[in-house]
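What follows is the residue order along each chain.
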Amino acid sequence: MSFQAPKGTFDWLPPTSEQVLAVREALVAPVRRAGYGYIETPVFEDTQLFARGVGESTDIVSKEMYTFPDKAGRSLTLRPENTASVLRAVLQHGLHNGRLPVKLWYSGSQFRYERAQKGRYRHFWQVGAEALGAEDPALDAELVVLGVQGFAALGLTRVRLLLNSLGDRACRPAYRAALQEFLRGLDLDADTRARIEINPLRVLDDKRPEVQAQLTGAPLVVDHLCAACKAYHEEVRSLLTASGVAFEDDPRLVRGLDYYTRTTFEFVHDGLGSQSAVGGGGRYDGLSEMLGGPPLPSVGWALGVDRTYLAMEAEGLLAGDTAARLQVYGVALGDDARRRMFLLVDELRRAGVNTDMAFGGKGLKGAMKGAGRSGARFALILGERDLAAQAVQLKDLTTAEQTEVPLAQVVDVLKGKVQ
Ligand code: AMP
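Draft legend 1. Broad picture of the environment of Val-278. Inspection of the secondary structure puts Val-278 in strand β10 (residues 277-283). On the basis of relative accessibility, which here comes to 2%, the residue Val-278 falls in the buried class. Ignoring sequence-local partners within four residues, the contact set of Val-278 consists of Phe-151, Val-159, Phe-267, Val-268, His-269, Leu-272, Leu-303, Gly-304, Arg-307, Thr-308 and Ala-311.

Spelled out as structure tokens, the structure:
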């Protein structure tokens, strides 16, 4: 019997897995420089956290959650996103009682029961940043700028930034009503008609051409923003412009999660086909109250690591090998020599030299083949006779040149050669 990874999931294997680590690191480096602290939350939470925090009317909650009872009958859900968990942790530990905004970043697996296809998986990885407890257009702009810098650090040049404002509690209800009135006049299927009543903004996000064709004249939220939202949005836009960040106003940009207010944005890449979003985020001023907390206006983003990797592939940026390359490979012949080599390899590693050795009792020929394949520049060959002489053969695999080095000096000699 042989097992396969579950549908919609896959394994990252060396050497590409090293690239994915590098992607994660590069995407979060800018927020770490900006004072965001690392947070790790459980992979599963109380189902109600997501039902309330992400929104009952969303596809995520209504169709895509991995929900299960634990042995005590609690309903738990594998996190489909991380913002609700971060906010839960902030409220639980009272982080919001200290200096505001609370700035946090995370990196972790997310789970959604999606229709699996390239770029859309059931298990995927996001890095994210959240700034909680401040209503300030500069904070929205900061996060956008830091996201842009993360993609740029990877060498990506085809990431576009789409920007919109969704209004707030003051102006959204009137817009919602105007949109509902417009949508009720269209020729739509029953599911979509039901959505008009629950979350009409999401109908704007419908990707089907027959729906999009009917939406041309739909009222746009930009035309319904209250004065405060308009001023806020203008400030975000002018800060981005002043920072030299290019963006496109997208008056139809709404996001799949219910909790967004005011600033919303998405990073898209044109080389990815239909799953073009490499990241997205926005302001979620009402979420804390939805979870039973105090008012805590906040803004954040989540960037898709797997899709960013695909974007890099599309731009031909994956050529470099980022693995910690082996520098030295040990080959020992005979039991005593193997024991000594084991210690020598350990000593080299402690001295900062990337070292591996032949395992599995191979003969000299097989072990030297392993040395060649390992990518290491140097092989250390230790036979019983060398051991008796307290020496080791150091072979430069690029030139095949071989010298004898006293065992007591070999760590220093190699340190000098590999630096
Ligand atoms: P969201 O939490 O839906 O706003 O997603 C933020 C980012 O996570 C998206 O822009 C994608 O890059 C990534 N993402 C979301 N869903 C998936 C998925 N099913 N598979 C791979 N990446 C995803």
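Draft legend 2. Region of the structure containing the sheet that holds strand β3 (residues 67-69). In spatial order, the strands read β2-β4-β3; together these 3 strands make up an open sheet with antiparallel pairing. At either margin of the open sheet sits one strand with a lone partner, and together these are β2 (44-46) and β3. The average undirected angle you get between the axes of adjacent strands in this sheet is 35°. In terms of strand pairing, β3 meets strand β4 (residues 75-78) through 3 bridges, oriented antiparallel. When the bridges of β4 are listed, Thr-67 appears paired with Thr-77.

Draft legend 3. Region of interest: the packing of aromatic side chains. Within the structure shown, the criterion is met by 8 aromatic pairs. Here the aromatic rings of Tyr-38 and Trp-105 are separated by 4.7 Å at their centres, their planes lie at 50°, and the arrangement is tilted. With Tyr-38 in strand β1 (residues 37-38) and Trp-105 in strand β5 (residues 102-111), this pair connects stretches of sequence that are 67 residues apart. Overall, the relative accessible area of 43% leaves Tyr-38 in the partly exposed class. The exposure class assigned to Trp-105 is buried, which follows from its relative accessible area of 9%. A connected cluster of aromatic rings, assembled from ring pairs, spans Phe-10, Trp-12, Tyr-121 and Tyr-309.

Criteria and thresholds
- Residues numbered from 1 in each chain as written.
- Predicted model: local features only at pLDDT ≥ 70, side-chain atom pairs only at ≥ 80, totals over all residues.
- Heavy atoms only, no water.
- Helix = DSSP H or I, 4+ residues; strand = E, 2+ residues; numbered from the N terminus.
- Buried < 20%, exposed > 50% of the residue type's maximum accessible area, 1.4 Å probe, protein only.
- Contact = heavy atoms within 4.5 Å.
- Pairing = 2+ DSSP bridges.
- Axes fitted to C-alpha atoms, helices over the stretch in contact; angles between N-to-C directions.
- Phe/Tyr/Trp six-rings, centres within 6.5 Å; stacked < 30°, edge-to-face > 60°.

Honestly, that's just the spatial picture; any functional story needs more than this.
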